[in-house]
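Structural overview
Here's the letter readout for the chains.
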Amino acid sequence: AQSVTQPDIHITVSEGASLELRCNYSYGATPYLFWYVQSPGQGLQLLLKYFSGDTLVQGIKGFEAEFKRSQSSFNLRKPSVHWSDAAEYFCAVGGKAAGNKLTFGGGTRVLVKP
Amino acid sequence: NAGVTQTPKFQVLKTGQSMTLQCAQDMNHNSMYWYRQDPGMGLRLIYYSASEGTTDKGEVPNGYNVSRLNKREFSLRLESAAPSQTSVYFCASSERTGNTEAFFGQGTRLTVV
């Protein structure tokens, strides 16, 4: 079945430590790939997107993501986490391969320890 | 710069009541979406409108209807609310369906008692 999966429901990280959030997809072809962030009580904001080209994508707020076709993954990373990065993060897929609809994973909630 | 505006922000309904959630965007986007967000389930697509005059079912359309009133506005109607429809509802818009950035409203928190 076509799906986008975020295996980690919660992640706790210390301020200043690195962060990696996992995203896997299962589609017949490579969909367009997105990462969104949702701060408490807010709507969603786009962090970055991948359509084609360079497999390492830079986004806002110091985030980057790497597309790995062989692993059907699009993992999000940040080298040094700030307390303001505490939020919920969503991987999403779109484009023709995903039926031209924007479909979201279940989300990963990130807690940042002082 | 309003972006995507949803009204109301909060609503409490009794089982069986009806209501319409309103959404308007000022970015001249072709595509609009309605999602619901429930804990642990991410955002699930209810209905979407690829362009003015068209609407399509998403993943969880049962119990909902939509109207794409014009290019700016996309409303979601609950004809007979049920407790299972307690959720946070998000409207979004994008230039084209599914392959460009989507912009989200602030959400409507709906409780059905």
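Here we summarise the structure given alongside this text. Since this is a predicted model, take the numbers as computed values, not measurements.

As a further point, take the packing of aromatic side chains. This model, assessed by the stated rule, comprises 14 aromatic pairs over all chains. Aromatic side chains A:Tyr36 and B:Phe104 sit 5.7 Å apart centroid to centroid with 80° between the ring planes, which places their arrangement in the edge-to-face category. Of the two residues, A:Tyr36 sits in strand E5 (residues 32-38) while B:Phe104 sits in strand E10 (residues 102-104), which places them in two different chains. Overall, the relative accessible area of 0% leaves A:Tyr36 in the buried class. Put simply, the rings of A:Tyr32, A:Phe34, A:Tyr36, A:Phe51, A:Phe90, A:Phe104, B:Tyr33, B:Tyr35 and B:Phe104 touch in pairs and so form one group of aromatic residues.

Bringing the side chain of B:Ser87 into the picture now. With respect to the element layout, B:Ser87 can be found in strand E9 (residues 87-94). Residue class for B:Ser87 comes out buried when judged on its relative accessible area of 7%.

Counting 28 residues, the largest nonpolar core has A:Trp35, A:Leu48, A:Phe74, A:Leu76 and A:Tyr89 as the members making the most contacts within it. Mapped by element, the contributors of at least two residues to this core are strand E2 (10-14), strand E3 (19-21), E5, strand E6 (44-50), strand E8 (64-68), strand E9 (73-78), strand E10 (87-94) and strand E12 (108-113) of chain A. Counting 20 residues, the second-largest nonpolar core is a separate cluster that includes B:Val4, B:Cys23, B:Val60 and B:Ala81.

The next thing to look at is the state of the cysteines. Disulfides are covalent bonds that link the sulfur atoms of two cysteine residues. Residue and element names in this part refer to chain B. If you walk through the whole model with that rule in mind, you get 2 disulfides over all chains. What pairs with Cys23 in a disulfide is Cys91, and their sulfur atoms sit 1.8 Å apart. On the sign convention where negative means left-handed, the S-S torsion of about -75° between Cys23 and Cys91 marks this disulfide as left-handed. Separated by 68 residues along the polypeptide, Cys23 in strand E3 (residues 19-25) and Cys91 in strand E9 bring together distant segments of the chain. Here Cys23 and Cys91 have matching classes, each one buried.

Residue-level contacts link 21 residues of chain A with 18 residues of chain B. In total, about 1500 Å² of surface goes out of reach between chain A and chain B, with carbon and sulfur atoms giving 56% of it. There are 4 residue pairs in polar contact (both at pLDDT 80 or more) connecting chain A and chain B. For the side of chain A that touches chain B, the secondary structure elements donating two or more residues are E5, E6 and E10 of chain A. Tallying contributions element by element places E5(A) first for the side of chain A that touches chain B, with 4 residues. Tallied by class, residues from the side of chain A that touches chain B come to 9 nonpolar, 10 polar and 2 charged.

Conventions adopted
Residues numbered from 1 in each chain as written. Chains lettered and ligands numbered in written order. Predicted model: local features only at pLDDT ≥ 70, side-chain atom pairs only at ≥ 80, totals over all residues. Heavy atoms only, no water. Phe/Tyr/Trp six-rings, centres within 6.5 Å; stacked < 30°, edge-to-face > 60°. Helix = DSSP H or I, 4+ residues; strand = E, 2+ residues; numbered from the N terminus. Buried < 20%, exposed > 50% of the residue type's maximum accessible area, 1.4 Å probe, protein only. Core = buried A, V, L, I, M, F, W, Y, C linked by side-chain atoms within 4.5 Å. Disulfide = S-S within 2.5 Å. Contact = heavy atoms within 4.5 Å. Buried area = accessible area lost by both parts, 1.4 Å probe. Polar contact = N/O pair within 3.5 Å; in protein donor to acceptor, adjacent residues only side chain to side chain. Nonpolar A, V, L, I, M, F, W, Y, C, P; charged D, E, K, R; others polar.

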